[in-house]
Every structure is written in C-alpha cells, then in structure tokens.
Amino acid sequence: MLEKGKIIKLDDKKEYLVVNRMELHSINYVYLITTTKPLEILIATEKVVDGKISLEEVKDNNELDYVLSKLVLTKEADE
C-alpha cells in the first residue's frame, strides 16, 4: 500500500506525491498531487492486483465529493 509522503510515477509519466490516504467502506482512497507545476490533483482508489498496486481515478462526482469531504474532516481532526 502507498504511504503518505511517497512519490510515485504513473502511466501518464507524471510524478505524484501521496498527500493522504484513507479507508472508507472497505475502499482505500489516495489523494495525490503532481510534484511539478501546473499542479494536478488526483483522487484514486487503491487495490492490490496480482501483487501490484493498481490505482483507478475516482470520476463519479458524488463519490468524489464524499471522499473529499471525509479527507477534509480527517485533516482537521489531525490538527
């Protein structure tokens, strides 16, 4: 599983920093941001398939809103 602070390179050849991760309803979500400008944010689900980490971008607006709201609440609780 990806850890906060880890830098990864995805198939789009861009490097992303793992900003946060959380589990909601047995689904692992990761919050990624590119390491170079222009900054891009990516929220994805994380699964292990055949021993490899697989990320799938969250594209459903309702799911994205829900995950982002939970990430904000988690960040506020950490502070």
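Residues numbered from 1 in each chain as written. Predicted model: local features only at pLDDT ≥ 70, side-chain atom pairs only at ≥ 80, totals over all residues. Heavy atoms only, no water.

Visitor: Tell me about unusual backbone geometry, residues and numbers included.
Guide: The residue after K37, namely P38, is reached through a cis peptide bond having omega -5°. Within the secondary structure, P38 sits in the loop between β3 (27-34) and β4 (41-49). Even without being a glycine, S26 presents a positive backbone phi close to 65°. Within the element layout of this structure, S26 appears in the loop between β2 (15-24) and β3. (Helix = DSSP H or I, 4+ residues; strand = E, 2+ residues; numbered from the N terminus.)

Visitor: Which residues make up the nonpolar core, and what values do they have?
Guide: If you look at the biggest cluster of nonpolar residues, it comprises eight residues: L2, I8, Y16, V18, V30, L32, L42 and A44. Listing elements by their share of this core, those giving two or more residues are β2, β3 and β4. Contacts of V18, omitting those with residues within four sequence positions, involve L2, E3, K4, G5, K6, Y31 and L32. Counting residues in each nonpolar core, the second largest holds seven residues, with M22, V58, V67 and L71 among its members. (Core = buried A, V, L, I, M, F, W, Y, C linked by side-chain atoms within 4.5 Å. Buried < 20%, exposed > 50% of the residue type's maximum accessible area, 1.4 Å probe, protein only. Contact = heavy atoms within 4.5 Å.)

Visitor: Provide a residue-level description of the layout of surface pockets, including the pertinent values.
Guide: To locate leftover empty space, one rolls a probe as large as a water molecule over the atoms. Looking at the largest pocket, its volume works out to about 270 Å³. In this structure, the largest pocket is lined by K9, L10, D11, D12, Y16, E40, I41, L42, A44, L55, E56 and E57. Tallied by class, the residues present in the lining of the largest pocket amount to six nonpolar, no polar and six charged. (1 Å grid on protein atoms, 1.4 Å probe; cavity = no way out; pocket = protein on both sides within 12 Å on 5 of 7 lines; lining within 4 Å. Points joined across faces, edges and corners; volume = space filled by probe spheres on them. Nonpolar A, V, L, I, M, F, W, Y, C, P; charged D, E, K, R; others polar.)

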